[in-house]
Amino acid sequence: AVYDTIITVIDISGITEPVAGAVPSDSFTISTTGGEVGSNTFWQVYDEATNTLKASYADSKIVNNEPFRVGTYVKLQAEVIAKEGYVFTPDTVIRYNGVELPAKDDSNLKPNFRYPVVADRRDRTAASIGWEVKNNEDDVTFDSDSGSAVAPQTVEEGKTATKPSDPTRDFPDP
């Protein structure tokens, strides 16, 4: 008799965190013997008001073809396929960057989760991993030339830092 090897753990990594204005990339990597990246991998936008994951910002636009929007919460559905001779089970653990993802909870789809493995489809599974889309930001530091400390600022890409107060410096009496 030929038996399939059960995949007990799937490790996902290599997802590029979404940034406002960037075009989505649906690539990721797995380091799991017997598994490979599936072609049914795509971005979704989370609608908090209805607790649903939608494949578009509006009825006619797919998230994969449109730059990320600031303030939205998006999720990558990362499909993993079992190679021939391998299978997933409902107990298969999926980790993203080393953190185990909980089972899907339909009452709150915002947290990261793994989709359930069903008995008749043990050859594929998926994870849903999300982020709030923010603008690129840079940390700006200031050299006070041995004067008082000047607080660093986080500045949105394309914007200008605010001029800080002039630092003070004490000089010894002559």
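All values derive from a computational prediction rather than experimental measurement.

Caption draft 1: Layout of the environment of Val9. Mapped onto the fold, Val9 is located in strand β2 (residues 9-13). Classification of Val9 as partly exposed rests on a relative accessible area of 27%. With 91 residues separating them along the chain, Val9 and Glu100 place their C-alpha atoms 9.4 Å apart. Those residues in contact with Val9 that sit more than four places away from it in its chain are Thr32, Thr92, Val93 and Arg95.

Caption draft 2: Summary view of the environment of Arg69. Along the polypeptide, Arg69 turns up in the loop between β8 (61-62) and β9 (73-82). The partly exposed category is assigned to Arg69, whose relative accessible area is 35%. Note: C-alpha distance between Arg69 and Arg122 (53 residues apart in sequence) is 35 Å.

Caption draft 3: Fine view of the sheet that holds strand β11 (residues 93-96). The strand order β3-β2-β11-β12 describes an open sheet built from four strands, whose pairing is mixed. Pairing within the sheet leaves two strands with one partner each, and these edge strands are β3 (29-30) and β12 (99-100). In terms of strand pairing, β2 meets β3 through two bridges, oriented antiparallel. When the bridges of β3 are listed, Ile12 appears paired with Ile30.

Caption draft 4: Spatial organisation of the pairing of β2. The sheet contact formed by β2 and β11 spans four bridges and is parallel. Looking at the pairing, Ile10 lines up with Ile94 of β11.

Caption draft 5: Broad picture of the side chain of Ser128. Tracing the backbone shows Ser128 in strand β14 (residues 124-132). Sequence-distant contacts of Ser128, that is, excluding residues within four places in its chain, are made with Leu53, Lys75, Leu76, Asn112, Phe113 and Tyr115.

Caption draft 6: View of the nonpolar core. With 23 residues, the main nonpolar core has Ile10, Ile12, Ile15, Phe28 and Ile129 as its most contacted residues. Of all elements in the fold, only β2, β5 (42-47), β9, β11 and β14 reach the threshold of two or more residues within this core. For this core, the element with the most residues is β9, which contributes five residues. Beyond its immediate stretch of four places on either side in the chain, Ile129 contacts Ile12, Ile15, Val74, Lys75, Leu76, Tyr96, Leu101 and Asn112.

Caption draft 7: Fine view of the pairing of β9. Among the 10 residues of β9, 10 are classified as buried, and the element is accordingly described as predominantly covered. Inspection of the sheet shows strand β4 (residues 35-37) paired to β9 by three bridges, in the antiparallel sense. Across the sheet, the residue bridging to Glu36 is Ile81, located in β9. The sheet contact formed by β5 and β9 spans five bridges and is antiparallel. For Trp43, the partnering residue across the bridge sits in β9 and is Leu76. With nine bridges connecting them, β9 and β14 associate as antiparallel partners. Looking at the pairing, Tyr73 lines up with Glu132 of β14.

Here is what the cut-offs are and how they apply
Residues numbered from 1 in each chain as written. Predicted model: local features only at pLDDT ≥ 70, side-chain atom pairs only at ≥ 80, totals over all residues. Heavy atoms only, no water. Helix = DSSP H or I, 4+ residues; strand = E, 2+ residues; numbered from the N terminus. Buried < 20%, exposed > 50% of the residue type's maximum accessible area, 1.4 Å probe, protein only. Contact = heavy atoms within 4.5 Å. Pairing = 2+ DSSP bridges. Core = buried A, V, L, I, M, F, W, Y, C linked by side-chain atoms within 4.5 Å.

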